[in-house]
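Summary of structural features
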Amino acid sequence: MVTLGEIAAVASARLQGCDAATVIIGVAPLHRAEPGQLSFMTHPRYRPFLSDTQASAVILSTEDAVDCPAPAVVAANPQVAYARVAALFEPLCQVRPGIHPTAWIDPSAQVAPDAWIGPYCVVEADAVIGAGVYLGPHCVVGERAEIGTHSRLVARVTLCHRVRLGQRVLAHPGAVIGSDGFGLALDTGGRWLKIPQLGSVLIGDDVEIGANTTIDRGALEDTVIEDGVKLDNQIQVAHNVRIGAHSALAGCVGIAGSARIGRHCMLGGGVGIAGHLEITDGVQVTGMSLVTQSITEPGTYSSGLAVEPNRLWNKISARLRRLDELFRRLAILEKKINQDGSI
Amino acid sequence: MVTLGEIAAVASARLQGCDAATVIIGVAPLHRAEPGQLSFMTHPRYRPFLSDTQASAVILSTEDAVDCPAPAVVAANPQVAYARVAALFEPLCQVRPGIHPTAWIDPSAQVAPDAWIGPYCVVEADAVIGAGVYLGPHCVVGERAEIGTHSRLVARVTLCHRVRLGQRVLAHPGAVIGSDGFGLALDTGGRWLKIPQLGSVLIGDDVEIGANTTIDRGALEDTVIEDGVKLDNQIQVAHNVRIGAHSALAGCVGIAGSARIGRHCMLGGGVGIAGHLEITDGVQVTGMSLVTQSITEPGTYSSGLAVEPNRLWNKISARLRRLDELFRRLAILEKKINQDGSI
Amino acid sequence: MVTLGEIAAVASARLQGCDAATVIIGVAPLHRAEPGQLSFMTHPRYRPFLSDTQASAVILSTEDAVDCPAPAVVAANPQVAYARVAALFEPLCQVRPGIHPTAWIDPSAQVAPDAWIGPYCVVEADAVIGAGVYLGPHCVVGERAEIGTHSRLVARVTLCHRVRLGQRVLAHPGAVIGSDGFGLALDTGGRWLKIPQLGSVLIGDDVEIGANTTIDRGALEDTVIEDGVKLDNQIQVAHNVRIGAHSALAGCVGIAGSARIGRHCMLGGGVGIAGHLEITDGVQVTGMSLVTQSITEPGTYSSGLAVEPNRLWNKISARLRRLDELFRRLAILEKKINQDGSI
């Protein structure tokens, strides 16, 4: 429960048409908000809802504040303002220090006194758990792993041995950090021999790691996720990948070994990145595209193909396979026309 | 152990060439079945096996029952009949009520007396576990989460806070329901600010959720999976998605935020659905296709491309990138031919 | 800590320019190695680093040993040699026998006396755990499941009931083996009826299963992973798939039901394999390709499309959809030219 005045301060915003003393008890969408609730408008498609909303105030941009029929919290960046304000209503912020009686902690592990270790967590030898860390139920922290201050492992996160997390890292259920990279040597008889993965994983500060995302340890040097990187769910990061600071990767992205992603990149859902290449800073790749070579220029890159009705797609697909023939037939025609003497 | 008569009743089928009193001890494929076992034929490719089968009876369709050399259990829909009959031989049906001594249950949680809570489960404050629910080993049920009657969480399922499951929901190991949606606001300096996800997940009745599938909580309103939806393994459902009743999604499908899938849809393996679009009822999308715009007509849609030998594919791929040139060269030729005056 | 002589023996290699008595304490990349460390060169791009390396010796091929400026461990297959040698420095090799006090083991389960069962493991009725097996924290072994000798489940692996693992299987955190196959029958009203999955999963010897990989049990017969198969992370193997011996599958591959992959195949990251088809031995499929029909000839197959700058891709994509029109316009032109009488 906060006042509009406190909200405006948190959001670095100004109030328009509403009172700083008004109490706000929660957040709701424009069409559902009731008095005492705060709403937001971050896309013009919702403008028609403004006149009817019952929200006590609406977070919106400076442009949208002009001729605004609703009481407003006016911010230069309404999305950021909303993020800051919504955090006031986020239920799970506090870490109540302590160690659940069912947590199993090796005597040699170091656990900060104000950390929380939840039910059935396992913390192995020489692990280091920093100040204010929250380990939800069923987390496993491997030997010599380190977790930086105020990091939060929601539940069921696996940190394999020697993995290092920075400060304020947030990892969601099912994430696995430090599993073996997929290293194989082809031996006689076509059998695969496992190449031991002697490296580790280094995660920076303010990184978010989605549910069931997997980040492999390096073959010899480390796999590195730099500060501020945001990884959605079910992302696969192979050994010796480096992801540059503040890059954001949507769900189901797969990155093969030793690929290097620059800073401030954005990868859409299901994107595949081949190994041993480098993507420069500021690159965006749209959903379900495949990157097979280094990208040296910032910008947006694509190779996804959107659906057509099945019958049409079958024709397109069949024609695609005859593209070579098409080029040859065209070349023959061009030759014929030039032989005719016509221009 | 059941008789053919009981099987016929369960399957809504009639017997042909066999005795209702015959005892059946199990199910086996046509070519392996022995006397005392039941088999089935749901595809004409297996017809040649009928004459030699030693099965005591074979479930098949009315059409296939004509001139059938084997004893038959004749059903209008043999697949459904088989499903009902096989359930008689399914080993894990019963819920033996109780709470394993190692389960950790918050005193404020409500657990129905005939539910089973297995080893190392964690049930948090104010959670509600309904009648006949089965929680296998290592499940985590978050604060205020609710599980409807006769639902079954096989093992290691994570329900985050406030998630609501309907009745007879079946969730497989590693499923995560209610992890944070991937909400980010771009702040100064290109840093990402997390947008708290204040919504929840609402799962209907008779929903099946595959192994390691992830379903994110909504940003403000809920992510909704309607009654009878069937989700295979490793599916990613982003925040604020709604999946319509009785839709079936094969493995590794990824659905981006705020997409809406209609009722009775079928999505093939690896399909990607972009965000903020709507797919009407009765749509089928074939494997590994990408949907980027709303689909307003029922039917089948595709954009997957099947492999060719690598050399040929490299040519096709190279030609594809020169398609624009092809169109231009063709247009030039067409203009030349028309200037020639020839028809 | 080993000597170069012992290393040469393990690697089936000969020493060149270095002393068998030299003590090696670890492995490092060429540009970082210090005296007392071993390095390796498995790709010509690293040759320039050889003259400056401070490594006590470098594993390399017979070809690269010619005119080699660094002390060398010369092997016919340096990758295999490196794999064997790195295993000497791999930290987690020993299994210290015992059962953690928090492991919950059904009295009817059989556990070899030299196995290790870690914290919070659950071993259900009639399970069989073979000699030298290692179960890390939080593993779940279902009823009647069997684990062959010297297998290692790193942590949090789920083996569902009746699953059978061979010898020396290595499974990484989050792997799920034996979840229900996705079997559904379409019933009246468009509702889906679950088809019970009565089969199991059979995993051979020396199989490696990556983090969060899922392998479903068969509908009636088993899903089979043959000896020596290597599965990376987040792979989905549907019911009744058979993967032939010594095949290697990179991350995020999805294989639909009843597909059969031959021996010594290699599938790149994100490859999709449709159901009910057969891929012969020795087939390679490049990343993010889709296989929809049986492949009867060894070789390499592709259908992935690599990114272009977004603007160019939009043109290519738009042209692609008009391919049919292109063929027709070309055919019209060809007809016109032939009518002209010109050759």
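Just so it is clear, the structure is predicted and the values come from calculations on it, not from any experiment.

**Overview of the overall build of chain A**
When helices and strands are counted, chain A shows 5 helices and 40 strands. A compact globule built from 343 residues would reach a C-alpha radius of gyration of about 20 Å, whereas chain A, at 27 Å, exceeds it by more than 25%. Each principal axis of the C-alpha distribution contributes one length, and for chain A these read about 85 × 65 × 35 Å. Within chain A, residue pairs in contact and separated by at least 24 positions form 17% of the contacts whose partners lie at least 6 positions apart. Working note: accessible area of chain A is about 13,000 Å², and carbon and sulfur atoms make up 51% of it.

**Topic: the UniProt feature "active site" (unreviewed entry) in chain A**
All names here are of chain A. UniProt marks His239 with the feature "active site" (unreviewed entry), using the numbering shown here. With respect to the secondary-structure elements, histidine 239 resides in the loop between β29 (236-237) and β30 (242-243). Other than its neighbours up to four places away in sequence, histidine 239 contacts Gly181, Phe182, Gly183, Gln197, Asp216, Arg217, Gly218, Ala219, Thr223, Gly257 and Ser258.

**Looking at a nonpolar patch on the surface**
Together, A:Met1, A:Val23 and A:Ile25 make up a nonpolar patch on the protein surface, roughly 350 Å² of accessible area in all. Mapping A:Ile25 onto the fold places it in the loop between β3 (23-24) and β4 (26-27).

**Considerations on the interface of chain A and chain C**
How big an interface is tends to be stated in terms of the accessible area lost upon association of its parts. At the junction of the two partners, chain A supplies 80 residues and chain C supplies 72 residues. The largest share of the area that chain A buries against chain C comes from A:Phe182, A:Trp192 and A:Arg319, three residues that together contribute 11% of it. The tally of links between chain A and chain C comes to 6 salt bridges. Two residues, A:Lys194 and C:Glu208, come together in a salt bridge whose shortest N-O distance is 2.8 Å. Along the contact surface separating chain A from chain C lie 30 residue pairs in polar contact (both at pLDDT 80 or more). Taken together, the elements giving at least two residues each to the side of chain A that touches chain C come down to β21 (176-179), β22 (184-186), β23 (192-194), β26 (214-216), β38 (290-291), β39 (299-302), α4 (310-320) and α5 (323-339) of chain A. For the side of chain A that touches chain C, the element with the highest residue contribution is α5(A), accounting for 9 residues. Pairing analysis gives 2 bridges linking β39(A) to strand β40 (residues 308-309) of chain C, with the strands arranged antiparallel. Residue pairing across strands places A:Tyr301 opposite C:Pro309, the latter belonging to β40(C).

**Observations regarding the relation of the copies chain C and chain B**
The transformation that overlays chain C on chain B combines an axial shift of 0.0 Å with a rotation of 120°, and the residual RMSD is 0.0 Å. Here the symmetry operator amounts to a three-fold rotation axis.

**Structural notes on the domain arrangement of chain A**
Taken as a whole, chain A is organised into domain 1 (2-89), domain 2 (98-301) and domain 3 (310-340). Here domain 2 of chain A and domain 3 of chain A have C-alpha centroids that lie 47 Å from each other.

**Regarding the interface of chain C and chain B**
With 80 residues of chain C at the contact, the number on the chain B side is 72 residues. Contact between chain C and chain B buries roughly 6,200 Å² in total, counting both sides, with carbon and sulfur atoms accounting for 64%. Its largest share of buried area at the contact with chain B, chain C owes to C:Phe182, C:Trp192 and C:Arg319, together 11% of the area lost on that side. Where chain C packs against chain B, one counts 6 salt bridges.

**Some thoughts on the packing of α5(A) against helix α5 (residues 323-339) of chain C**
The contact between α5(A) and α5(C) brings their axes to 11 Å, and the two run at 30°. Taken together, the axes of α5(A) and α5(C) lie roughly parallel to each other. For the element pair α5(A) and α5(C), the recorded crossing hand is left-handed. Counting all contacts with α5(A), which are made through A:Leu323, A:Glu325, A:Leu326, A:Arg329, A:Leu330, A:Leu333, A:Lys336 and A:Ile337, the residues of α5(C) involved are C:Leu323, C:Leu326, C:Phe327, C:Leu330, C:Ala331, C:Leu333, C:Glu334, C:Ile337 and C:Asn338. Of the residues assigned to the contact of α5(A) with α5(C), the class counts are 12 nonpolar, 1 polar and 4 charged.

**A short note on the sheet that holds strand β20 (residues 170-171) of chain A**
On the basis of which strands lie adjacent, the open sheet formed by 12 strands has the order β8(A)-β11(A)-β14(A)-β17(A)-β20(A)-β25(A)-β28(A)-β31(A)-β34(A)-β37(A)-β39(A)-β40(C) and mixed pairing. Whereas interior strands pair on both sides, the edge strands pair on one side only; in this sheet they are β8 (98-99) of chain A together with β40 of chain C. Bridge count for β8(A) against strand β11 (residues 116-117) of chain A is 2 bridges, and the pairing is parallel. Residue pairing across strands places A:Ile99 opposite A:Ile117, the latter belonging to β11(A).

**Some thoughts on empty space enclosed by the protein**
Once rolled over the atoms, a probe with the size of a water molecule shows which space is left empty. With the rule as written, the count across this model stands at 4 cavities of 30 Å³ or more. When its volume is computed, the largest cavity comes out at roughly 260 Å³. Residue lining of the largest cavity: 16 residues in total, with A:Met288, A:Ser303, B:Met288, C:Met288 and C:Ser303 positioned closest to the centre. Each residue belonging to the lining of the largest cavity can be placed in one class, and the counts come to 9 nonpolar, 7 polar and no charged. In this structure, the second largest cavity occupies an estimated 100 Å³ of space.

**Regarding the pattern of salt bridges**
Under the defined criterion, the tally for this structure stands at 42 salt bridges over all chains. Between C:Asp187 and B:Arg84 there is a salt bridge; the shortest N-O distance is 2.7 Å. On the criterion of chain membership, the pair formed by C:Asp187 in the loop between β22 (184-186) and β23 (192-194) and B:Arg84 in helix α3 (residues 78-86) is interchain, its members lying in two chains. Under the relative-accessibility criterion, C:Asp187 is labelled buried at 19%. Looking at B:Arg84, the relative accessible area reads 34%, which means it is partly exposed. B:Arg164 is the partner of B:Asp222 in a salt bridge, and the nearest nitrogen-oxygen pair spans 3.9 Å.

**Notes on the environment of C:Glu278**
Residues and elements named next belong to chain C. Within the secondary structure, glutamate 278 sits in strand β36 (residues 278-279). Overall, the relative accessible area of 44% leaves glutamate 278 in the partly exposed class. Remark: the alpha-carbon pair of glutamate 278 and alanine 115, spanning 163 residues in sequence, is separated by 38 Å. Beyond its immediate chain neighbours, meaning those up to four positions away, glutamate 278 contacts Arg260, Ser294 and Ile295.

**Considering the packing of aromatic side chains**
Given two aromatic rings, one states the distance between the centres and the angle between the planes to describe the pair. Counting across every chain of the model gives 9 aromatic pairs over all chains. Residues B:Tyr46 and B:Phe49 carry aromatic rings whose centres are separated by 6.3 Å and whose planes lie at 45° to one another, so their mutual orientation is tilted. Three or more aromatic residues joined by ring pairs make a cluster, and in this case those are A:Tyr120, B:Tyr120 and C:Tyr120. Across from the ring centre of C:Trp116, 4.8 Å away, lies the NZ or CZ of C:Arg96, which sits over that ring. For the cation-ring pair, C:Arg152 lies above C:Tyr134, with the distance from its terminal atom to the ring centre recorded as 4.2 Å.

**Concerning α5(A)**
Helix length check: α5(A) (17 residues) gives 25 Å between terminal C-alpha atoms against 24 Å at 1.5 Å per residue, within 8%. Those residues of α5(A) not exposed but buried are A:Leu323, A:Asp324, A:Leu326, A:Phe327, A:Arg329, A:Leu330, A:Leu333, A:Glu334 and A:Ile337.

**Description of the environment of A:Val201**
All names here are of chain A. Relative to the helices and strands, valine 201 resides in strand β24 (residues 201-203). Using a relative accessible area of 0% as the deciding quantity, one classes valine 201 as buried. Sequence separation between valine 201 and arginine 321 is 120 residues, and the spatial gap between their C-alpha atoms is 43 Å. Not counting residues up to four positions away in its chain, the partners in contact with valine 201 are Arg162, Val163, Arg164, Ile177, Gly178, Ile215, Asp216, Arg217 and Thr223.

**A few points about the environment of B:Val176**
Within the fold, B:Val176 resides in strand β21 (residues 176-179). When the C-alpha positions of B:Val176 and B:Thr158 are compared, they lie 4.8 Å apart, and in sequence the two are 18 residues distant. Among residues more than four places away in sequence, those in contact with B:Val176 are A:Pro173, A:Ala211, A:Asn212, B:Thr158, B:Thr213, B:Thr214 and B:Ile215.

**A word on the side chain of B:Lys230**
Relative to the elements of secondary structure, B:Lys230 occurs in strand β28 (residues 230-231). Of the polar contacts made by the side chain of B:Lys230, one reaches the backbone oxygen of B:Asp206; its length is 2.9 Å. When sequence neighbours within four positions are dropped, the list of residues in contact with B:Lys230 reads B:Asp206, B:Glu208, B:Ser247, B:Ala248, B:Leu249, C:Phe182, C:Leu184 and C:Trp192.

**Quick look at helix α3 (residues 78-86) of chain A**
Most of α3(A) sits out of view: 7 of its 9 residues are buried. Three or more residues of α3(A) are buried, namely A:Pro78, A:Val80, A:Ala81, A:Tyr82, A:Ala83, A:Val85 and A:Ala86.

**Side note on the sheet that holds strand β19 (residues 164-165) of chain C**
Strand pairing in a sheet relies on backbone hydrogen bonds. The paired strands run either parallel or antiparallel. Residues and elements named next belong to chain C. The strand order across the open sheet built from 9 strands is β10-β13-β16-β19-β24-β27-β30-β33-β36, with neighbouring strands paired in parallel fashion. Since the sheet does not close on itself, it has two edges, and those belong to β10 (110-111) and β36, each with one partner. In terms of strand pairing, strand β27 (residues 223-225) meets strand β30 (residues 242-243) through 2 bridges, oriented parallel. For isoleucine 225, the partnering residue across the bridge sits in β30 and is isoleucine 243.

Criteria and thresholds
Each chain carries its own residue numbering, running from 1 in the direction its sequence is written. Chains and ligands are labelled by the order in which they are written, letters from A for the one and numbers from 1 for the other. Only residues with pLDDT of at least 70 get local features here, since the model is predicted, and only at 80 or more are side-chain atom pairs given and counted; chain-wide, interface and lining totals rely on the full set of residues. Excluded from the side-chain calculations are hydrogens and water; all other atoms, namely the structure's heavy atoms, are used. By the criteria applied, helices consist of DSSP H or I runs no shorter than four residues and strands consist of E runs no shorter than two, each listed in order from the N terminus. Radius of gyration means the value over C-alpha atoms here, while the globule rule gives 2.2 Å times the residue count to the 0.38 power. Contact definition: two residues touch when any of their heavy atoms are within 4.5 Å. Only the protein chains shown count as cover for residues, with accessible areas throughout obtained via the Shrake-Rupley method and a probe of 1.4 Å. UniProt positions are given in the numbering used here, feature names are shortened, and annotations may be inferred rather than shown by experiment. To count toward a patch, a residue needs a relative accessible area above 30% and no salt bridge. Like charges then connect within 9 Å, nonpolar side chains (Val, Leu, Ile, Met, Phe, Trp, Tyr) within 5 Å. Any carboxyl oxygen of Asp or Glu within 4 Å of a side-chain nitrogen of Lys or Arg constitutes a salt bridge here. By buried area we mean the combined loss of accessible area, with a 1.4 Å probe, across both parts when two parts are placed together. Polar contacts, as counted here, are pairs of nitrogen or oxygen atoms within 3.5 Å of one another; within protein the pair requires one atom able to donate a hydrogen and one able to accept it, and residues that are adjacent in sequence qualify only if both atoms are side-chain atoms. A strand pair is defined by DSSP finding two or more bridges across the two strands. Each copy is superposed on the other by least squares, with the fit set by C-alpha atoms of residues at a pLDDT of at least 70 in both. Segmentation into domains, and thus their bounds, comes from an automatic or database assignment. Lines fitted to the C-alpha atoms define the axes, with helices restricted to the stretch that makes contact. Angles between their N-to-C directions range from 0 to 180 degrees. Roughly parallel means an angle under 35 degrees; roughly antiparallel means over 145; roughly perpendicular covers 65 to 115; every other angle is labelled oblique. The sense of a crossing depends on the near helix, which, turned anticlockwise from the far helix by less than a right angle, makes the crossing left-handed and, turned clockwise, makes it right-handed. In this classification, Asp, Glu, Lys and Arg are treated as charged, Ala, Val, Leu, Ile, Met, Phe, Trp, Tyr, Cys and Pro as nonpolar, and every other residue, Gly included, as polar. As defined here, a cavity is a set of points on a 1 Å grid over the protein atoms alone where a 1.4 Å probe fits but cannot get out. A pocket is an open set with protein on both sides within 12 Å along at least five of seven lines, and residues line them when an atom is within 4 Å of a point. Grid points are joined across faces, edges and corners, and a volume is the space filled by probe spheres set on the points. A simple rule labels every residue: compare its accessible area, found with a 1.4 Å probe on the protein chains alone, to the largest value its type can have, and call it buried under 20%, exposed over 50%, or partly exposed in between. Note on ring pairs: Phe, Tyr and Trp rings are taken, using the six-membered ring of Trp, and paired if centres are within 6.5 Å. Classes follow the plane angle, with under 30 degrees stacked, over 60 edge-to-face and the rest tilted. Over a ring means this: the NZ of a Lys or the CZ of an Arg is within 6 Å of the ring centre and within 35 degrees of the ring normal. A helix is expected to reach a length of 1.5 Å times the quantity of its residues less one.

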